Amino acid sequence: MSVDTILKFDHVTKMFGEDTAVNEVSFEVKSGEFVAILGQSGCGKTTTLRMIAGLERCSSGEISFQGKVLDNPDRKVFIPPNKRDMGMVFQSYAIWPHMTVFENVAYPLKVRRYEKGKIKEEVERVLELVGLSHLADKKATQLSGGQQQRVALARSLVFHPKLLLLDEPFSNLDAKLREQMRIEIKTLQERLGLMVILVTHDQVEALSLADKIIMMNKGRKDQVGPPKELYEKPNTVFVRDFLGSTLKLRVKVNAVRGNGMIEIKQENEIGGYFETADHHLVDPKVGDECFMAVRAEYINIQPAENQMSKGDHSELQFHAQIEKLLFIGDQYESIIKIRNGDEHHLFLPKTNEWYEGQEIVLGVKRGITIWPN
Ligand SMILES: Nc1ncnc2c1ncn2[C@@H]1O[C@H](COP(=O)(O)OP(=O)(O)OP(=O)(O)O)[C@@H](O)[C@H]1O
């Protein structure tokens with residue numbers, strides 16, 4: 001274990017009867033890191049978080065925190081939730097309606113038997129932190145959704161937890177408030193140097209907040225890494241398609257280099273060739289057909305009549321025609337047909353005038369990954 005690793009999952013599995021909710025998952029979280037556990041509904045995110053909190057026990061493997069084993073069924077070690085020093089915020093907030101904001105936030109300190117003066121000091125500190133000082137005496141039910149969410153956050157922070165666990169904390173908020181809370185949580189996390197683990201199925205939330213994303217798929221860990229790495233260099237089709245839209249274009253292997261690089265060429269087209277090591281082909285051979293996936297924002301779209309030159313040789317170019325065009329305000333939505341007959345859904349910028357039947361050229365030279373047919 002590296003020196004600054006704080007939380008460690010080592011081959012952790014969780015079974016519910018015959019069903020495997022979390023399957024041999026391993027990862028490490030470092031001090032001060034913001035980690036997002038991302039994936040579809042039912043992939044095991046909440047179960048993973050609940051095991052960290054001690055609300056579920058793992059079936060096999062080991063969870064450790066700051067060098068201390070929290071859960072290891074083989075060794076019969078299990079530290080209960082109240083001894084783990086972790087703050088939690090759930091989707092449902094779970095704040096008490098009959099209590100005031102102050103009483104809600106003070107609750108964890110009362111349970112820990114803090115003395116009155118210290119409770120007042122700590123609650124005031126944390127209410128200030130989340131901008132709720134002026135509402136301390138209000139009943140929790142008199143607050144808006146966003147304010148209730150802040151109460152839940154304040155309550156989870158009041159006892160200086162070493163780790164903050166967030167389970168879909170923004171999902172009950174409207175879109176605008178969600179954006180605002182995202183920024184507030186990130187600012188707070190950076191200011192306090194907090195280690196945070198967030199469970200979400202929202203890729204924008206994960207991409208924008210996390211230093212590291214743990215992408216889960218059917219109980220397994222699919223890929224772990226910084227958001228940019230997962231977005232630009234997905235290891236699996238699942239990660240690629242979950243994190244954003246791509247255009248998948250058919251290409252052929254033109255050359256295979258000794259150093260893991262392959263050269264891709266689009267036959268019968270005007271463009272050049274592209275060399276990359278970012279491919280997922282097993283034993284590629286010259287002439288193999290494959291797919292090039294490219295993130296939409298990396299596609300340079302030009303009307304064919306503007307295409308004076310053949311572009312530089314590192315740009316792959318595809319001729320296409322606009323089949324269907326819809327004006328949707330800030331851009332156009334279109335169905336385009338590539339010369340090989342493949343149709344694609346593509347957004348076109350308003351920087352040009354477009355029309356149905358128009359010949360266009362797609363130029364691509366960045367953000368490319370290569371996948372088997
Ligand atoms: N207490 C339980 N008893 C039996 N099965 C459970 C229990 N909790 C979770 N599961 C099952 O474990 C799997 C993973 O559930 P989990 O709640 O961890 O998924 P999730 O990724 O958090 O989903 P969601 O985003 O919908 O909350 C699911 O198939 C679920 O039905």
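In this text, all values refer to a predicted model and were calculated from it rather than measured experimentally.

This part is about the overall build of the protein chain. If you tally the helices and strands in the protein chain, you get eight helices and 21 strands. Put simply, the protein chain has 373 residues, and 49% of those count as buried. A separation threshold of at least 6 residues defines the contact pool for the protein chain, and within that pool the share at least 24 residues apart is 66%. Accessible area of the protein chain: about 18,200 Å², with a carbon and sulfur share of 49%. Computed over 49 positive and 52 negative side-chain charges, the separation of the two mean positions in the protein chain equals 6 Å.

This brings us to the sheet that holds strand E13 (residues 262-265). Strand order in this open sheet of five strands is E14-E13-E12-E15-E21, and the pairing throughout is antiparallel. Of all the strands in the sheet, just strand E14 (273-276) and strand E21 (368-372) have a single pairing partner and so form its edges. Taken pair by pair, the neighbouring strands of this sheet meet at an average axis angle of 40°, ignoring direction. Judged from the five bridges that link them, strand E15 (residues 289-295) and E21 form a sheet pairing that is antiparallel. In the strand pairing of E21, Phe-291 is matched with Trp-371.

Within helix H1 (residues 45-53), seven of the nine residues are buried, which leaves the element mostly enclosed by the surrounding structure. Within the sequence span of H1, burial applies to Lys-45, Thr-47, Thr-48, Leu-49, Met-51, Ile-52 and Ala-53. Phi turns positive, to about 90°, at Gly-54, one or two residues after H1.

This part is about the domain arrangement of the protein chain. Taken domain by domain, the protein chain holds domain 1 (5-241) and domain 2 (245-372). Of note, the centres of domain 1 and domain 2, computed from C-alpha atoms alone, are 40 Å apart. At the junction of the two partners, domain 1 supplies ten residues and domain 2 supplies eleven residues. Across the domain 1 to domain 2 interface the summed buried area is about 890 Å²; carbon plus sulfur atoms make up 44%. Summed over the three residues of domain 1 that lose the most area to domain 2, namely Tyr-231, Glu-232 and Arg-240, the buried surface amounts to 64% of that side.

What follows is about the pairing of strand E4 (residues 60-65). E4 sits mainly inside the fold: five of its six residues count as buried. Bridge analysis of strand E1 (residues 5-16) against E4 gives five bridges, and the strand direction is antiparallel. By the bridge assignment, Thr-13 is partnered in E4 with Ser-60. The pairing of E4 with strand E5 (residues 68-72) spans three bridges and is antiparallel. Paired with Ser-64 across the bridge in E5 is Val-69.

Disulfides are covalent bonds that link the sulfur atoms of two cysteine residues. Using the criterion set out here, one finds zero disulfides in the structure. Sulfur of Cys-43: no disulfide; nearest cysteine sulfur belongs to Cys-58 and is 18 Å away.

Another point: the site of the ligand. Near the ligand the following residues occur: Phe-16, Ala-21, Gln-40, Ser-41, Gly-42, Cys-43, Gly-44, Lys-45, Thr-46 and Thr-47. Take Ser-41: an N or O atom from its side chain is 2.6 Å from an oxygen atom of the ligand. One nitrogen or oxygen atom from the main chain of Gly-42 is found 2.7 Å from an oxygen atom belonging to the ligand. Its residues assigned to classes, the shell around the ligand comprises three nonpolar, six polar and one charged.

What follows deals with unusual backbone geometry. A positive phi angle is found at Asp-85, which is not glycine, with a value near 60°. Residue position: Asp-85 is located in the loop between strand E6 (77-78) and strand E7 (86-89). With a relative accessible area of 28%, Asp-85 lands in the partly exposed category. Even without being a glycine, Arg-113 presents a positive backbone phi close to 60°.

Hydrogen bonding along the main chain pairs the strands of a sheet, whether they run parallel or antiparallel. Read from one edge to the other, the open sheet built from six strands follows the order E7-E8-E9-E3-E10-E11, with strand pairing classed as mixed. The open sheet has two edge strands, E7 and strand E11 (220-225), and neither has a second partner. Taking the axes of each pair of neighbouring strands and ignoring which way they run, one obtains an average angle of 15° across the sheet.

Criteria and cut-off values
Per chain, the residues get numbers from 1 upward, laid out in the order the sequence is written. Owing to the predicted nature of the model, reporting of local features is limited to residues with pLDDT of at least 70; listing and counting of side-chain atom pairs is limited to 80 or more, with chain, interface and lining totals taken over all residues. Side-chain measures were taken over the full set of non-hydrogen atoms in the model, leaving aside hydrogen atoms and water. Starting at the N terminus, helices and strands are each numbered in turn, a helix being any DSSP run of H or I of at least four residues and a strand any DSSP run of E of at least two. Note on classification: 1.4 Å probe, protein chains only; a residue is buried when its accessible area is under 20% of the maximum for its type, exposed when over 50%, partly exposed between these limits. Working rule for contacts: check all heavy atoms of both residues, and any pair within 4.5 Å makes them a contact. All accessible-area figures derive from a Shrake-Rupley calculation using a 1.4 Å probe, and residue coverage is judged against the displayed protein chains alone. Asp and Glu count as negative and Lys and Arg as positive, but His and the ends of the chain are not part of the count. Just so you know, the charge point we use is NZ for Lys, CZ for Arg, CG for Asp and CD for Glu. A strand pair is defined by DSSP finding two or more bridges across the two strands. The axes used here are C-alpha line fits, helices contributing only the stretch in contact, and every angle between their N-to-C directions lies in the interval 0 to 180 degrees. Domain delimitation follows an automatic or database domain assignment. Defined in terms of a 1.4 Å probe, buried area is the accessible area two parts forfeit on being brought together, summed over both. A pair of cysteine sulfur atoms is labelled a disulfide when the two atoms are within 2.5 Å. Throughout, the term near means that a residue has one or more heavy atoms lying within 4 Å of the molecule or strand in question. N or O atoms closer than or at 3.5 Å make up a polar contact, with two conditions inside protein: a donor-capable atom paired with an acceptor-capable one, and, for residues adjacent in sequence, both atoms drawn from side chains. Residue polarity follows a fixed list, in which Ala, Val, Leu, Ile, Met, Phe, Trp, Tyr, Cys and Pro are nonpolar, Asp, Glu, Lys and Arg are charged, and the others, Gly among them, are polar.

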